[in-house]
Amino acid sequence: MLPAITADKLTKRFGDFTAVNQITFEVKKGEIFGFLGANGAGKTTAIRMLNGLSRPTAGKAQVAGFDVYRQTEKIKRRIGYMSQKFSLYEDLTVRENIQFYGGIYGLPLAEIRRQMKQLVAGLGMEPYARNLVKSLPLGWRQKLAFSISIMHNPEIVFLDEPTGGVDPITRRQFWEMIYKAANEGMTVFVTTHYMDEAEYCNRVSIMADGRIAALDTPHALKEQFHATSMNDVFLNLTRPGRQAS
Amino acid sequence: MKQLLIFIRKETYHIFRDKRTLLILLGMPMVQVLLFGFAITNEITNARIAILDQSKGEMSRNIIQRFTASGYFEIDENLQSLSDIERHFRQGKTKLVAVFPPQLEENMKRNVPAKIQLVADATDPNTATTLINYASAIIGRYLQEQSHGQAVPLAINTEVKMLYNPRLKSVYMFVPGVITIILMLMSAMMTSIAITREKELGTMEVLLVSPLRPSTIIIGKVIPYIVLALAMAAIVLLLGAFVFNMPIRGSLVLLIAECVLFVITSLSLGILISTRTETQQVAMLISLMALMLPTILLSGFIFPIESMPKVLQILSNIIPAKWFIIIIKNVMLRGTGFSFIWKETLILLGMAMFFIAASIRNFKIRLA
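Everything numeric here is computed off the predicted structure, so don't read it as measured data.

Caption draft 1: Structural context of the overall build of chain A. Per the secondary structure count, chain A includes 9 helices and 10 strands. Rg of the C-alpha trace for chain A: 18 Å, near the compact-globule value of 18 Å for 245 residues, within the 12% margin. The buried share among the 245 residues of chain A stands at 56%. Considering only residue pairs separated by 6 or more positions, chain A has 67% of its internal contacts joining residues 24 or more positions apart. Of the roughly 11000 Å² of accessible surface on chain A, 49% is carried by carbon and sulfur atoms.

Caption draft 2: Expanded view of the overall build of chain B. Counting secondary structure elements, chain B contains 14 helices and 4 strands. Computed over its C-alpha atoms, the radius of gyration of chain B comes to 28 Å, more than 25% above the 21 Å expected for a compact globule of 368 residues. Reported as C-alpha extents along the three principal axes, the dimensions of chain B are approximately 95 × 45 × 40 Å. For chain B, the proportion of its 368 residues judged to be buried stands at 47%. For chain B, contacts bridging at least 24 residues in sequence account for 77% of all contacts bridging at least 6. Treating the 35 positive side-chain charges of chain B as one cloud and the 23 negative ones as another, the clouds have centres 11 Å apart.

Caption draft 3: Main features of the interface of chain A and chain B. In this assembly, 32 residues from chain A lie in contact with 26 residues from chain B. For the chain A and chain B pair, buried surface summed over both sides reaches about 2500 Å², with 59% attributable to carbon and sulfur atoms. The three residues of chain A that bury the most area against chain B are Leu53(A), Tyr89(A) and Ile104(A), which together make up 23% of that side's buried surface. If you look at where chain A meets chain B, you find 2 salt bridges. Its salt-bridge partner being Glu96(A), residue Arg17(B) comes within 2.8 Å of it at the nearest N-O pair. Connecting chain A to chain B are 10 residue pairs in polar contact (both at pLDDT 80 or more). The set of elements that each furnish at least two residues to the side of chain A that touches chain B consists of helix H2 (72–78), strand S6 (79–82) and helix H3 (94–104) of chain A. If one sorts the elements of the side of chain A that touches chain B by residue count, H3(A) sits on top with 6 residues.

Caption draft 4: Molecular detail of the pattern of salt bridges. Residue and element names in this part refer to chain A. Enumeration according to the criterion identifies 22 salt bridges over all chains in this entry. Salt-bridge contacts for Glu161 lead to Lys43; the nearest nitrogen and oxygen are separated by 3.3 Å. Of this pair, Glu161 sits in the loop between strand S7 (156–160) and helix H6 (168–183) while Lys43 sits in helix H1 (residues 43–50), and the two are 118 residues apart along the sequence. Here the two residues Glu161 and Lys43 agree in accessibility, since each one is buried.

Caption draft 5: Inspection of the sheet that holds S6(A) at higher detail. Residue and element names in this part refer to chain A. Spatially, the 6 strands line up as an open sheet ordered S6-S7-S8-S3-S9-S10, and their pairing is mixed. Sheet topology places S6 and strand S10 (211–216) at the edges, where each strand pairs with a single neighbour. Sheet twist, expressed as the average angle between the axes of neighbouring strands with direction ignored, equals 15 degrees. Sheet contacts for helix H9 (residues 230–238): strand S3 (32–37), strand S9 (203–208) and S10; angle to S9, the most-contacted strand, approximately 30 degrees.

Caption draft 6: Up close: the nonpolar core. One finds Ile5(A), Phe25(A), Val63(A), Leu144(A), Phe146(A), Phe158(A) and Phe189(A) to be the most contacted residues of the largest nonpolar core, which totals 161 residues. If you tally residues by element for this core, the top one is helix H7 (residues 171–201) of chain B, at 17 residues. Not counting residues within four places of it along the chain, the set of residues in contact with Phe146(A) comprises Met82(A), Val157(A), Leu159(A), Phe174(A), Met177(A), Ile178(A) and Ala181(A). Ile51(B), Phe73(B), Ile138(B) and Tyr142(B) belong to the second largest nonpolar core, which has 19 residues in total.

Caption draft 7: Seen up close, H3(A). Buried residues dominate H3(A), accounting for 9 of its 11 residues. Within H3(A) the residues assigned to the buried category are Val94(A), Glu96(A), Asn97(A), Ile98(A), Phe100(A), Tyr101(A), Gly102(A), Gly103(A) and Ile104(A). On its buried face, H3(A) is in contact with helix H4 (109–122) and helix H5 (138–149) of chain A together with helix H1 (2–17) and helix H8 (203–209) of chain B. Directly beyond the C-terminal end of H3(A), a positive phi value near 75 degrees is found at Gly106(A).

Caption draft 8: Expanded view of the confidence of the model for chain B. On average, residues of chain B carry a pLDDT of 83, and 91% of them reach 70 or more. Mean pLDDT values over the elements of chain B span from 78, in helix H5 (residues 104–109) of chain B, up to 91, in H1(B).

Caption draft 9: Representation of the sheet that holds strand S3 (residues 96–100) of chain B in the model. Residues and elements named next belong to chain B. Judged by pairing direction, the sheet is mixed, and its 4 strands sit side by side in the order S2-S1-S3-S4 without closing on themselves. The open sheet is flanked by strand S2 (73–78) and strand S4 (117–120), the only strands paired with a single partner. Pairs of neighbouring strands in the sheet enclose a mean axial angle of 30 degrees, with direction left out of account. Bridge analysis of S3 against S4 gives 4 bridges, and the strand direction is antiparallel. The residue of S4 that forms the bridge with Val99 is Gln117. Helix H4 (residues 82–90) contacts strand S1 (47–53), S2, S3 and S4 of the sheet and is inclined by roughly 175 degrees relative to S3. Across the sheet, helix H6 (residues 125–146) touches S1, S2, S3 and S4, and the angle it forms with S4 is around 160 degrees.

Rules of the game
- Residues numbered from 1 in each chain as written.
- Chains lettered and ligands numbered in written order.
- Predicted model: local features only at pLDDT ≥ 70, side-chain atom pairs only at ≥ 80, totals over all residues.
- Heavy atoms only, no water.
- Helix = DSSP H or I, 4+ residues; strand = E, 2+ residues; numbered from the N terminus.
- Rg over C-alpha atoms; globule rule 2.2 N^0.38 Å.
- Buried < 20%, exposed > 50% of the residue type's maximum accessible area, 1.4 Å probe, protein only.
- Contact = heavy atoms within 4.5 Å.
- Areas by Shrake-Rupley, 256 points an atom, 1.4 Å probe, with all protein chains shown as cover.
- Lys, Arg positive; Asp, Glu negative; His and termini not counted.
- Charge placed at Lys NZ, Arg CZ, Asp CG, Glu CD.
- Buried area = accessible area lost by both parts, 1.4 Å probe.
- Salt bridge = Lys/Arg side-chain N within 4 Å of Asp/Glu carboxyl O.
- Polar contact = N/O pair within 3.5 Å; in protein donor to acceptor, adjacent residues only side chain to side chain.
- Pairing = 2+ DSSP bridges.
- Axes fitted to C-alpha atoms, helices over the stretch in contact; angles between N-to-C directions.
- Core = buried A, V, L, I, M, F, W, Y, C linked by side-chain atoms within 4.5 Å.
- pLDDT = per-residue confidence, 0-100.

Below, the structure written as structure tokens:
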């Protein structure tokens, strides 16, 4: 089976600064792939190269079987994206946001209507469907944003710190939604700061100074670094002053 | 096409849900026109003047009466001696003093040149000149009537005819100016803010990752603002027509078409600004600083371009507003057709194309 994402020595430089330095990895279809790293380690830049927002300086990468240099239009139809910043329109209602995002992905009207019902019911938001998104609590908005980002049934969904600032219960529910999507065959590429979330991933890569410092299953990583939790693994790899191996 | 409609609908929600901004957008043109039309005017009415009448004859009485009847002047005080004049000006009570010499009537009868002295406070030169002109005109007309068509001592009389704006109403100048500035500022500022807002909120990234084409995003952003800008232009035109009796002598269709062209030029400038800026505040500042000042100062709206230094005259050519003001004045006041303004229209069209091309280029670079 063809991998969902392959990156081969993918590099991004801004002037003298190398944000992403020759990262190489593969993400299998249907996998939940955790992308960890301290602030400024190059996670967001890496995601932006994969989803077509940013042109790589060097290296090769394929997303859903398409080249990130020449076939970004084809990639865009096959991926979903939830950005680090909040990605819904706050002055639109829940329904209007769903209609808008469904519309720009070219879903037929009947399909949007069907999804709307299902999605709103799934989140238990029926009473709030006509409320402005601004009036919803942050956790609900994030869950809504995730549901909308996978509304067009993409092959791969990129989640850039989706649970920032969200309470533990909502985070838990959020991950249940991610598992559900992965069970249906969707590949999930997720960046996070929370080490407990890293444990939920099938495999994690840890970035430090623009390089991938480690890449394996959470279990294997813990064994490799003789750590009891992902937190210790992470600190071991990214502690300031430590040279990336 | 369907995606474009969906985008326009979304953008319309943004505009109508932001009630405060909408109110400012539609209210500002009204306030500006009324302010410019009523308050900021070169006409002077009921200026206080003082009279020093030494002749005390029928002629001086008649002239004084005409002063008051004109509506321009209000007699503040009758002075008694020449030394009063200086004191009176220092007290700041009047702007103008008319002095009728003792021998006025005799001189007139004997066909000896008669002199009436007008003394003005020139601390405000514009007002002083205007008042002197009004007063001279009133005196001149009186003398002409007195001579009953007989040869007047001064052999040459000039007859002035003010074309297109016979009463020299300043509203005729301000309405085209205000339309221009409002269309320019609103179009450029609103689009640049609308686009940078999405960048700031992070929704722009999501749009760029979606299959939407950049051109769809831009066109979808711009169309609602074209409609809004034209609504504002309509408000200004209606106010001009019904409150200030400003004529529209040329074709209304031509006027609207030219407005649309100017709006598109300004919008594309706004898009260009937004491709270069990251935050709403910067976009607004640039729109205000880089567009408002040159538009007001160099477009010929307030200061005539002909009297500027050569450098500024050349510079004024790159201000889109300059060309639009020429067009709109021609159509509204002179009633000229397209054959007289095709050159200016072509220049605006060229500018619009240039801005659009530049912003599409910039937008793509951001994507890469």
